[in-house]
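Structural overview for review
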Amino acid sequence: MSEKYVIEIKKRAWYEWVLWAIWFLAEIFVLQNAIASGGELEPRAATLFWVIFFVLLVAGGVVWYLRRDK
Amino acid sequence: MAENKKKRLNRREFLRISGLGLGGAALATTAAAPAKSSQKFQGGKFSDPAGRPNRPWWVKTVDEPTTEVDWSKVARYDERFGTVRGPGFAGYVGEDEVDRLSAAAKELTLKGMLEDIDGYTLKDQALKSAHVGYGRSFMGPQRADTPEERGVPKWEGSPEEAARIIRAAMRHFGAATVGFVEMNEDNKKLTYAVDPDGKELVFTDDEMASEDDNYRYIPNKCKYVIAFTVQMSTETMRRSPTPLGSQTTTLTYRRSETIQASLQEFLRGLGYQCLSSSSTNAMAIAPAWGVLAGLGEMSRLNRMITPEFGPMVRAFVAYTDLPVATDKPIDAGIMEFCKRCKKCAEACPSESLSFLDEPTWETVGGWNNPGHKAYFEDASTCRAYWREGVATNCGICFAVCPFSKKDKAWIHEFIKASSATAPFLDGFFRSMDDAFGYGVQASAEEWWNLDLPEYGIDSNQPVMEG
């Protein structure tokens, strides 16, 4: 008895990829500033950049999780 | 089906995680990128024939400086009326007040050492008084062999070549940035009429510069102006207003003495004259020459702010008869930012800095030189605070300035570029500067635990690459 597979390919809208790219670049930017602010001996700036980085990371993760099957 | 779906999901997850991993690796690399690129820059060749730095696109060269100047109203200043030196200051506040302020400064200095006040301890005072300089002279040490003494003709080259080798030499001596201006009948007025020691500065048609007991003679042929900056330590200045914080200023002046003497001897060795300050801040208004040479813009501090190092520099000047390729003023949005920021004026303990929205032609006192539209400061209250309030140089205005940043975090370049192109964002940037804790005074005691680079400055911080 042969098995039947169904491959479902969903094409995401182009703007969704652009938004993910912007999110990723923003993360790079914020992470660089977080690391470099530590090197600049600017503790408050470094802390704030780390907070922004993790908030953005979690926000991205939540959005991805909610949209993974859509 | 559910199992297949699960497998497909895992692969996507894997790809995403891989992507993030690669991104993370890239981030780790890019976080250190500025230092690497500056090292590469410092080892690279000048891309401009005159050795001009390739500044970023948002630092524009302009025909006129962002500070309006009415040359007909500019007069050669008698530097004895400045407030930095004793007699000038006493002229404004009176001898009795100077004595009272000096006694207060002495008392505070003693109290700081006896009670171990942060930044005023014996080791801080010892550091401040430790800087020994080379000394300054109008015509230089005159010790280097001239081409004549070596039996060779003097150095000849194009103005571009001359500018390039002077830049290369001066960077080597320790200057941060170097620019050139050709003197004319207008800007010649930036030369003091009288030096701080009372000697009159006179332009002559003599071939060679000279000086006697009453005069310093500047040959008209020495019409090429070399303006240069020497970097101060941002990290040290953050300890202002304390003797520890202010000693970076002292150190920079001492370093500049060596740079000045080296420049004078270098040009003598090439067969040319080089005239400069006979004492600290003598001969000419160096920041004004710096602005004309494109090293920076005037600011609310009524000092020059550079795109590279903000206000964390001291400006110096020399005149030579070696023809050099000249530079133009710049517009990097600094003066515009100052109009909206006012952080320095708010932080000034003696309220000596201007809160006006726009610069003005009206001077505050005799320590200001009229003829340019600026944010004139009250130097008498500033100097009084130096003595009575902190018993040392202050420097808070330099420390809190949003342009006083190191160059590691990308955000600083992003904001400088944005401010230069979209001034309406300046107020927001100022608020963010506060929110992110920039310019907050740091502990002086902590400074002694820092492993800072030589002179406390980042000498790898480049003159910006475009």
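Here we summarise the structure given alongside this text. (Residues numbered from 1 in each chain as written. Chains lettered and ligands numbered in written order. Predicted model: local features only at pLDDT ≥ 70, side-chain atom pairs only at ≥ 80, totals over all residues.)

**Side note on the overall build of chain B**
Looking only at helices and strands, chain B has 17 helices and 11 strands in total. Each of the 466 residues in chain B was classed as buried or not, and the buried ones make up 46%. Long-range pairs, those at least 24 residues apart, make up 77% of the contacts in chain B between residues at least 6 apart in sequence. (Helix = DSSP H or I, 4+ residues; strand = E, 2+ residues; numbered from the N terminus. Buried ≥ 20, exposed ≤ 12 C-beta atoms within 10 Å, placed from the backbone. Contact = placed C-beta atoms within 7 Å.)

**Examining the sheet that holds strand β4 (residues 210-211) of chain B**
Residue and element names in this part refer to chain B. Read across the sheet, three strands follow the order β3-β5-β4 without closing on themselves; strand pairing throughout is mixed. At either end of the open sheet lies a strand with only one pairing partner, and these are β3 (200-204) and β4. Two elements, β3 and strand β5 (residues 215-219), share five bridges in a ladder whose sense is parallel. Within β5, the position partnered with Phe-203 by the bridge is Ile-218. (Pairing = 2+ DSSP bridges.)

**Focus: the nonpolar core**
The tendency in soluble globular proteins is for nonpolar side chains to be buried side by side. Val225(B), Ile226(B), Ala227(B), Trp289(B), Val317(B) and Cys397(B) are the most contacted members of the largest nonpolar core, which totals 90 residues. By size, the runner-up hydrophobic cluster in this structure holds 13 residues, among which are Leu31(A), Ala45(A), Phe436(B) and Tyr438(B). (Core = buried A, V, L, I, M, F, W, Y, C linked by C-beta atoms within 7 Å.)

**Observations regarding helix α1 (residues 14-39) of chain A**
Between its first and last C-alpha atoms α1(A) spans 38 Å; for 26 residues at 1.5 Å apiece the expected length is 38 Å, and the two agree. Of all the residues in α1(A), the buried ones are Glu27(A), Phe29(A), Val30(A), Leu31(A), Gln32(A), Asn33(A), Ala34(A), Ile35(A), Ala36(A) and Ser37(A). (Expected span 1.5 Å × (residues − 1).)

**Here's the deal with helix α11 (residues 334-341) of chain B**
Residues and elements named next belong to chain B. For α11, the complete set of buried residues consists of Ile-334, Met-335, Phe-337, Cys-338 and Cys-341. The arc that holds the buried residues of α11, viewed along the axis, is 155 degrees, so those residues lie on one side. On its buried side, α11 packs onto β8 (297-298), β9 (304-305), α12 (343-347), α15 (410-421) and α16 (426-435). (Arc of directions from axis to C-beta.)

**Let's talk about the environment of Tyr65(A)**
All names here are of chain A. For Tyr-65, the position within the fold is in helix α2 (residues 43-67). Assessed through the 9 C-beta atoms surrounding it within 10 Å, Tyr-65 is described here as exposed. Between the alpha carbons of Tyr-65 and Lys-4 there is a distance of 28 Å; along the sequence they are 61 residues apart.

**Focus: the packing of helix α4 (residues 95-114) of chain B against helix α13 (residues 379-389) of chain B**
Residues and elements named next belong to chain B. Running from N to C, α4 and α13 cross one another at 40 degrees; their axes reach a closest spacing of 7 Å. Considered as vectors, α4 and α13 are oriented oblique to each other. Contacts between α4 and α13 pair Leu-101, Ser-102, Ala-104 and Ala-105 from the former with Ala-384, Arg-387 and Glu-388 from the latter. Residue composition of the contact of α4 with α13, grouped by class: four nonpolar, one polar and two charged. (Axes fitted to C-alpha atoms, helices over the stretch in contact; angles between N-to-C directions. Parallel < 35°, antiparallel > 145°, perpendicular 65-115°, else oblique. Nonpolar A, V, L, I, M, F, W, Y, C, P; charged D, E, K, R; others polar.)

**Topic: the sheet that holds strand β7 (residues 274-276) of chain B**
Residue and element names in this part refer to chain B. Strand order in the open sheet formed by four strands is β2-β6-β10-β7, with antiparallel pairing between adjacent strands. Each end of this open sheet is capped by a strand with a single partner; those strands are β2 (177-182) and β7. On average, each strand axis in the sheet is inclined to that of its neighbour by 30 degrees, with strand direction left out of account. Relative to strand β10 (residues 313-320), strand β6 (residues 224-231) is paired through eight bridges, and the arrangement is antiparallel. Its bridge partner being in β10, Phe-228 is matched across the sheet by Phe-316. Of the strands in this sheet, β2 and β6 touch helix α7 (residues 159-173), which is tilted by about 145 degrees from β2. Those strands touched by helix α9 (residues 243-270) are β6, β7 and β10, and its axis lies near 20 degrees from that of β10.

**Thoughts on the interface of chain B and chain A**
Each partner contributes residues to the interface: chain B has 14 residues there, and chain A has 17 residues. Of all the elements in the fold, those that place two or more residues in the side of chain B that touches chain A are α1 (2-31) and α15 of chain B. No other element matches α1(B), which puts five residues into the side of chain B that touches chain A. For the side of chain B that touches chain A, the class distribution of residues is seven nonpolar, four polar and three charged.

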